Amino acid sequence: DGDIYFVSWDEKLIPPKVYPPMDYQSPSQQELDHAVTIEEIQKYFVKYMVNDSLGLIANAHTVFADYETGQARSPKCLELAKLFSIAVD
């Protein structure tokens, strides 16, 4: 899914505290009572393109992480992280 991992044995690069991963409820999937039509696929694609806000959310998270006292653990950043996870799904 695009995750990049970094492995290091340099103790200076290990964070002093490790936080548990976020726990959020992803939106429920829509069940259809019919086969998906090409028109439904087109509408979904257009809606996705109009509502694509991943870049905006990611940039806002970076800005708040730089300026907020709690950095990436600030309430604003945690909310943005939640929104990003939902937008990715």
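Look a little higher up for the structure.
Residues numbered from 1 in each chain as written. Predicted model: local features only at pLDDT ≥ 70, side-chain atom pairs only at ≥ 80, totals over all residues. Heavy atoms only, no water.

### As for unusual backbone geometry
Thinking step 1. Of note in the backbone geometry, Gln71 takes a positive phi value of approximately 50° without being a glycine.
Thinking step 2. Within the secondary structure, Gln71 sits in the loop between helix H2 (54-67) and helix H3 (75-88). (Helix = DSSP H or I, 4+ residues; strand = E, 2+ residues; numbered from the N terminus.)

### Some thoughts on the packing of aromatic side chains
Thinking step 1. All chains considered together, the criterion is met by zero aromatic pairs.
Thinking step 2. We note Arg73 situated over the ring of Tyr19; from NZ or CZ to the ring centre the distance is 4.0 Å. (Phe/Tyr/Trp six-rings, centres within 6.5 Å; stacked < 30°, edge-to-face > 60°. Lys NZ or Arg CZ within 6 Å of the ring centre and 35° of its normal.)

### Comments concerning the environment of Lys76
Thinking step 1. Residue position: Lys76 is located in helix H3.
Thinking step 2. Lys76 gets classed as partly exposed once you look at its relative accessible area, which sits at 44%.
Thinking step 3. What Lys76 contacts, discounting residues up to four positions off in sequence, is Phe64 and Glu68. (Buried < 20%, exposed > 50% of the residue type's maximum accessible area, 1.4 Å probe, protein only. Contact = heavy atoms within 4.5 Å.)

### Let's talk about the pattern of salt bridges
Thinking step 1. Under the defined criterion, the tally for this structure stands at one salt bridge.
Thinking step 2. Two residues, Glu68 and Lys76, come together in a salt bridge whose shortest N-O distance is 3.6 Å.
Thinking step 3. Given the relative accessible area of 24%, Glu68 is considered partly exposed. (Salt bridge = Lys/Arg side-chain N within 4 Å of Asp/Glu carboxyl O.)

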